Amino acid sequence: MLALVCGGASSGKSEYAENLIMKLSGGDEMTYLATMESRSDAAKNRIADHEKRREGRGFSLIECEKNISCVRDNLKKNVLLECLPTLVSNEMFVGIEEGEGKGFIFNANISDRIFGDIIALKDRCENLVIVTNDVFSDGCIYDDMTEAYRQQLGELSCNIAEKADMVVYMTCGIPEVIKNEILDFHIF
């Protein structure tokens, strides 16, 4: 099964996704595929919060900030990918350090490759649950690079949703199932 869990910041999507993969796994082994880089205190705190919540729940952790296809042979049958926007950002904005200068290389078109990686992961495991963010409904206009990021994430999210068996949108901790090919399946 392929499931996509979407929502705004702090909407409860991560906890819902964890409960979903635990239910789908039926007690079998699970992999938590983490994409966040721990380069700032805020990121480290967020990672620590997620680790604390998962403690004792049976997840094995694989950290892979980009190129997720390279870990597919190490995954369990049940995988939670946390999170798609971070993966897209890591792939689009590749940091470089040369001499005294720092910066990044901007890779504008990565959604097709990431989608291929996700389908390869899905073909390798029994259940794949993906967490993504809603970054599309604020009505703001951003600079060209941010708009390119939103475009790539939007295309990728739409492609995944089309292939998904289940799509859930979280609002204030309340799940709304907007696509469910698996009848009579509920988490809460």
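Right above here is the structure, for reference.
Keep in mind that this is a model prediction, so the values were computed, not measured.

### A look at unusual backbone geometry
- For the bond from E82 to C83, the omega torsion is -5°, close enough to zero to count as cis.
- Along the chain, the position of C83 falls in the loop between β4 (78-82) and α3 (84-92).
- Although it is not a glycine, N67 sits at a positive phi angle of roughly 55°.
- The topology assignment puts N67 in the loop between β3 (59-63) and β4.
- N67 gets classed as partly exposed once you look at its relative accessible area, which sits at 35%.
- The phi angle at C172 is positive, at roughly 50°, despite the residue not being glycine.

### What about helix α4 (residues 111-124)?
- Compared with an ideal rise of 1.5 Å per residue, which puts 14 residues at 20 Å, α4 spans 20 Å between its outermost C-alpha atoms and is within 8% of the ideal.
- Listing the buried residues of α4 in full gives S111, I114, F115, D117, I118, L121 and K122. Around the axis of α4, the buried residues are gathered within 160° of arc, so they sit on the same side. The exposed residues of α4 that point more than 90 degrees off its buried face are D112 and D123.
- Tucked inside the fold, the buried residues of α4 contact β1 (2-7), β2 (30-34), β4, α3, β7 (127-133) and α5 (144-163).

### Some details on the packing of α4 against α5
- Running from N to C, α4 and α5 point in directions that differ by 30°, and their axes come no closer than 9 Å. As the angle between them shows, α4 and α5 are arranged roughly parallel. As α4 packs across α5, the resulting crossing turns out to be right-handed. Across the interface between the two elements, S111, I114, F115, I118 and I119 from α4 touch Q152, E155, L156, N159, I160 and K163 from α5.
- In the contact of α4 with α5, the residues fall into six nonpolar, three polar and two charged.

Each value, and the rule that gives it
Residues numbered from 1 in each chain as written. Predicted model: local features only at pLDDT ≥ 70, side-chain atom pairs only at ≥ 80, totals over all residues. Heavy atoms only, no water. Helix = DSSP H or I, 4+ residues; strand = E, 2+ residues; numbered from the N terminus. Buried < 20%, exposed > 50% of the residue type's maximum accessible area, 1.4 Å probe, protein only. Expected span 1.5 Å × (residues − 1). Arc of directions from axis to C-beta. Contact = heavy atoms within 4.5 Å. Axes fitted to C-alpha atoms, helices over the stretch in contact; angles between N-to-C directions. Parallel < 35°, antiparallel > 145°, perpendicular 65-115°, else oblique. Left-handed = near helix turned anticlockwise from the far one by under 90°. Nonpolar A, V, L, I, M, F, W, Y, C, P; charged D, E, K, R; others polar.

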